[in-house]
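Listed here are the chains, written in short residue letters.
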Amino acid sequence: MSRVKSLISMSPLKISLGYLVFGILWVPGTDLLLAALVTTQAPPTAIGLAKSWIFITLSAVLIYLLSTIHRQQMSTAQTKLRAANEQLQVLHRVFRHNIRNDINVIQGYAEILTERLDCETDRDHARAVQQTAEGITAISEKLKMLESVDPTLSDEHVVDLVEIVKSEVEHAESGNVAVDITTDLPSRAWIDCDESIRYAVREVLENAVRHNERSPRQIHISLDRMDGAVSLDVEDNGPGIPDAELRSLDAGEETALVHASSVGLWLVRWVSQLHDGRVQFDTEDSGGTTVSFEFQAGSRTTLLDAGTSVNDRIEAVAD
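Rules used in this analysis
- Residues numbered from 1 in each chain as written.
- Predicted model: local features only at pLDDT ≥ 70, side-chain atom pairs only at ≥ 80, totals over all residues.
- Heavy atoms only, no water.
- Helix = DSSP H or I, 4+ residues; strand = E, 2+ residues; numbered from the N terminus.
- Buried < 20%, exposed > 50% of the residue type's maximum accessible area, 1.4 Å probe, protein only.
- Contact = heavy atoms within 4.5 Å.
- Areas by Shrake-Rupley, 256 points an atom, 1.4 Å probe, with all protein chains shown as cover.
- pLDDT = per-residue confidence, 0-100.
- Salt bridge = Lys/Arg side-chain N within 4 Å of Asp/Glu carboxyl O.
- Polar contact = N/O pair within 3.5 Å; in protein donor to acceptor, adjacent residues only side chain to side chain.
- Axes fitted to C-alpha atoms, helices over the stretch in contact; angles between N-to-C directions.
- Parallel < 35°, antiparallel > 145°, perpendicular 65-115°, else oblique.
- Left-handed = near helix turned anticlockwise from the far one by under 90°.
- Expected span 1.5 Å × (residues − 1).
- UniProt positions renumbered as here; feature names shortened; annotations may be inferred.
- Patch = residues over 30% accessible without salt bridge, like charges linked within 9 Å, V, L, I, M, F, W, Y side chains within 5 Å.
- Lys, Arg positive; Asp, Glu negative; His and termini not counted.
- Charge placed at Lys NZ, Arg CZ, Asp CG, Glu CD.

Undergrad: Can you walk me through the overall build of the protein in this structure?
TA: Regarding its fold elements, the protein presents ten helices and seven strands. A total of 319 residues make up the protein; the buried ones form 31% of that total. Long-range contacts, defined here as pairs at least 24 residues apart, represent 70% of the contacts in the protein between residues at least 6 apart. By element, 57% of the accessible surface of the protein is carried by carbon and sulfur atoms, the whole surface being about 20200 Å².

And the structure:
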């Protein structure tokens, strides 16, 4: 692997010169070898060698030009990426610390005003300020969650999706809002992911509970394993996702993220794509949303090398 990386990092000049030297030696060498092995093969002529060497020289020049252009494009792209990454980190820090601290102050004073104001209209206005501040704080929490996801951790990792789903179901049922959650789960379902996939599952369950005003709130979770893939479906009886947000998610285009739920849906999409997974949001006309995930099933080799317990290893082989 280190040799491959060293070859990739070679300069365009070294690549072109290496190709040129190899071609100049290869042409007469192969011609002489064929002439020695095949009696009907004539030895190479000066004109034939000259034509071959001219072609190799022109090819080396073309390789040098293309490699140089590609190297310049890569350098420009890396510079832009570093600048964008620095800007994003600064915005994250400003939003999570400076702006969030100010929002906490606004939220605190709005709560005080709500308690002290005598006029009901004024109290409604103060509550609106408080709710808006809470929404901005929720967006901050989701951005913090997204920032904590490390793409490098997903390589060579497997997790049991069943265990994650069960844990998140307990988390959702322990909240202040009553919800009826039913599940159809196998004993195990290993997928090529790391623990950060938990964020996507949690966000889907929280959205299904928070934005549902029906009584009772119902969620059904089913998980299937087939053809080297694991699919997870989360169905709720809520009002559904607005068409504008669904169109934006399907098109993969930026939209106005004015609500924490909008950021949450993008969080689900990004975390799923990070693990080479797919997610689809379907809303019925009569209401209710089905969020469908699909991930690659965890390989046995990766699982047995991932530090799992002896019982888990036995179950993995049995599956």
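Now that the structure has been shown, the text picks up again.
Undergrad: Please explain the confidence of the model for the protein as it appears in this structure.
TA: Interpreting fine coordinate detail is not advised for predicted regions of low pLDDT. For the protein, the mean per-residue pLDDT works out to 80, and 82% of the residues sit at or above 70. Counted against residues more than four places away or in other chains, residues 300-311, with its pLDDT under 50, gives 16 contacts.

Undergrad: Please explain the pattern of salt bridges as it appears in this structure.
TA: Where side chains of opposite charge bring their charged atoms close, a pairing between them can arise. Under the definition given, this model contains nine salt bridges. We note a salt bridge from Arg202 to Glu168, for which the minimum N-O separation is 2.8 Å. A residue pair is termed long-range when its members are at least 10 positions apart, and Arg202 in helix 6 (residues 197-210) and Glu168 in helix 5 (residues 161-173) qualify at 34 residues. Across the pair Arg198 and Glu195 runs a salt bridge, and its minimum N-O distance is 2.9 Å. With a relative accessible area of 18%, Arg198 lands in the buried category. For Glu195, a relative accessible area of 44% corresponds to the partly exposed category. If you follow the salt bridges from partner to partner, you end up with Glu120, Arg123, Asp124 and Arg127 in one network.

Undergrad: Just checking my understanding: could you explain unusual backbone geometry for this structure?
TA: Excluding glycine, most residues fall at negative phi; most peptide bonds, likewise, are trans. Cis geometry is found at the peptide bond from Ser215 to Pro216, where omega equals 0°. For Pro216, the position within the fold is in the loop between helix 6 and strand 4 (218-226). For Asp227, which is not glycine, the phi torsion reads 50° and is therefore positive. Examined against the element boundaries, Asp227 turns out to sit in the loop between strand 4 and strand 5 (229-236). Here Asp227 falls in the exposed class, since its relative accessible area comes to 77%. Its identity as a non-glycine residue notwithstanding, Asp276 has a phi of 55°, on the positive side. Its location among the elements puts Asp276 in the loop between helix 8 (260-274) and strand 6 (278-283).

Undergrad: Help me understand the side chain of Thr289 in this model?
TA: For Thr289, the location among the structural elements is in strand 7 (residues 289-296). Only 3.5 Å separates the side chain of Thr289 from the backbone nitrogen of Ile241, close enough to count as a polar contact. What Thr289 contacts, discounting residues up to four positions off in sequence, is Val234, Glu235, Asp236, Gly240, Ile241, Asp282 and Thr283.

Undergrad: I'm lost on the packing of helix 2 (residues 12-37) against helix 3 (residues 46-116) in this one. Help?
TA: For any two helices packed against each other, the geometry comes down to the angle between their axes and how far apart the axes lie. Between helix 2 and helix 3, whose axes approach to 9 Å, the crossing angle comes to 160°. One finds that helix 2 runs roughly antiparallel with respect to helix 3. For helix 2 against helix 3, the interelement crossing comes out right-handed. Only Leu49, Ser52, Trp53, Ile56, Thr57, Ser59, Ala60, Ile63, Tyr64, Ser67, Thr68 and Arg71 of helix 3 make contact with helix 2, whose side of the interface consists of Pro12, Leu13, Ile15, Ser16, Tyr19, Leu20, Gly23, Ile24, Val27, Pro28 and Asp31.

Undergrad: Just to check I follow, could you spell out helix 6 for this structure?
TA: Turn by turn, an α-helix covers 3.6 residues, leaving residues three or four places apart pointing in a common direction. Over its 14 residues, helix 6 runs 20 Å from end to end, which matches the ideal 20 Å to within 8%, given 1.5 Å per residue. Most of helix 6 sits out of view: ten of its 14 residues are buried. Along helix 6, the positions that sit buried rather than exposed are Ile197, Arg198, Ala200, Val201, Glu203, Val204, Leu205, Asn207, Ala208 and Val209.

Undergrad: Got a minute to help me understand the UniProt feature "transmembrane region" (unreviewed entry) in the protein in this structure?
TA: Per the UniProt entry, the sites bearing "transmembrane region" (unreviewed entry) are residues 45-66 in this numbering. As annotated, residues 45-66 has a helix share of 95% and a strand share of 0%, and its two end C-alpha atoms lie 32 Å apart.

Undergrad: Explain the environment of Leu185 to me, please; I cannot follow it from the model alone.
TA: Note that Leu185 resides in the loop between strand 2 (180-184) and strand 3 (190-191). Placed 39 residues apart in sequence, Leu185 and Asp224 show a C-alpha to C-alpha distance of 7.5 Å. Residues within four places of Leu185 in sequence aside, it is in contact with Val162, Val165, Lys166, Ile221 and Leu223.

Undergrad: Sorry if this is basic, but what is going on with a nonpolar patch on the surface here?
TA: Taken together, the side chains of Leu13, Leu17, Val61, Tyr64 and Leu65 present a nonpolar region at the surface, about 450 Å² in accessible area. Elements that contribute at least two residues to the nonpolar patch include exactly helix 2 and helix 3. If you tally residues by element for the nonpolar patch, the top one is helix 3, at three residues. Looking at the element boundaries, Val61 is found in helix 3.

Undergrad: What exactly am I supposed to notice about a negative patch on the surface here?
TA: Together, Glu235, Asp243, Asp282, Glu284 and Asp285 make up a region of like negative charge exposed at the surface. Positionally, Asp282 belongs in strand 6.

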